[in-house]
Amino acid sequence: MNHKSDHEFQEVYNAFHDKIHRYLARLAGEDEAEDLTQEVFLKVGRSLHNFRGNSQLSTWIYRIATNTATDRFRGKSREVTDAGSDIFGPEHEGTEQAVSHSLSAERAVIKKEMNDCIRDIIKDLPENYRTALSLSELEGFSNKEIAEITGTSVENVKVRLHRARSELKKRLSLKCTFYRDERNELACDRKNSFIKFP
C-alpha cells in the first residue's frame, strides 16, 4: 500500500475495528472474534483500493466480516440452517400489525443486550438467524442493507428476521424469567431448567 492508501486504511480500521470485533463476537463467540477480526481487516486492506463505492463502505465491510465468519463456520462443519422463503416476515403486508406488538419487548431486550442470559440465547440461535438479528437489531442496518451484506434477497431477510425473532421469543420464555430492576429496566434471570434445544 502507498502512503495515501495506508492512511485511508488506518481511518477505516479506526472507524470500524471495534464494531466489527463486537459483531463477530456475537456471531462466533469471543474466542474466535480476535482472529476473525484480524482476517477481516487483512482482506479489507488488500481490497480497499478496489472499493468503488457502489455500496456504502459499512455494508461492504460487514459483508466481508459476515462471509469470513460463515467460512469459519463451514470450515468447522457447523450446521447452517436455511431459513427458506415460505413464511413472510413481520414487515410483509398483512402480518406487520399483529407481529410488531408481540415483538416490541423482545426487540427492546435485544437492543439493550442487557445481560449474559440474553447474549447466550442469541449465541445459540442458528447462524443465519443470529446474523440477521445482529445486523438488524444491534448494528441498525435496513433490510435492504442486510440483503446486500448477506448476499440474499430482501424478502429472504424478512423471513429470517421473522423466524429469528419468533425463535428468540420462544427461547426467552422458556429459559428466562423477566422482571423490572431497581431502575425500572427490563431484566431477566435464567430459569433453573434442563431444556435442551436442537
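See the structure above.
Residues numbered from 1 in each chain as written. Predicted model: local features only at pLDDT ≥ 70, side-chain atom pairs only at ≥ 80, totals over all residues. Heavy atoms only, no water.

## Considering the pattern of salt bridges
For step 1, the next point in the chain: In total, this model carries seven salt bridges according to the counting rule given.
For step 2, the next point in the chain: The partner of Glu167 in a salt bridge is Lys170, and the shortest N-O contact between them spans 3.4 Å. Placement of the pair is Glu167 and Lys170 together in helix H8 (residues 154-175), with a separation of three residues, close to one helical turn.
For step 3, the next point in the chain: For the salt bridge of Arg171 with Glu167, the shortest nitrogen-to-oxygen distance reads 2.7 Å. With Arg171 and Glu167 both in helix H8 and four residues apart, the pair spans about one turn of that helix.
For step 4, the next point in the chain: On the basis of relative accessibility, which here comes to 4%, the residue Arg171 falls in the buried class.
For step 5, the next point in the chain: Through salt bridges that share partners, Glu32, Glu39, Lys43 and Arg72 make up one connected network. (Salt bridge = Lys/Arg side-chain N within 4 Å of Asp/Glu carboxyl O. Helix = DSSP H or I, 4+ residues; strand = E, 2+ residues; numbered from the N terminus. Buried < 20%, exposed > 50% of the residue type's maximum accessible area, 1.4 Å probe, protein only.)

## Quick look at the nonpolar core
For step 1, the next point in the chain: Counting residues in hydrophobic clusters, the biggest one holds 28 residues, and the most contacted among them are Ile20, Leu24, Val40 and Val44.
For step 2, the next point in the chain: When residues of this core are traced back to their parent elements, those giving at least two are helix H1 (3-28), helix H2 (30-47), helix H3 (57-75), helix H6 (127-138), helix H7 (143-150) and H8.
For step 3, the next point in the chain: In terms of residue count, H1 provides more of this core than any other element does, eight residues in total.
For step 4, the next point in the chain: Discounting chain neighbours no more than four positions away, the residues touching Leu24 are Gly29, Ala33, Leu36, Thr37, Val40, Ala65 and Ala69. (Core = buried A, V, L, I, M, F, W, Y, C linked by side-chain atoms within 4.5 Å. Contact = heavy atoms within 4.5 Å.)

## As for the packing of H7 against H8
For step 1, the next point in the chain: Contact geometry for H7 and H8: axes closest at 8 Å, N-to-C directions at 100°. Taken as axis vectors, H7 and H8 run roughly perpendicular relative to one another. Judged by residue contacts, Asn143, Lys144, Ile146, Ala147 and Thr150 of H7 engage Val154, Val157, Lys158 and Leu161 from H8.
For step 2, the next point in the chain: Grouping the amino acids of the contact of H7 with H8 by side-chain chemistry returns five nonpolar, two polar and two charged. (Axes fitted to C-alpha atoms, helices over the stretch in contact; angles between N-to-C directions. Parallel < 35°, antiparallel > 145°, perpendicular 65-115°, else oblique. Nonpolar A, V, L, I, M, F, W, Y, C, P; charged D, E, K, R; others polar.)

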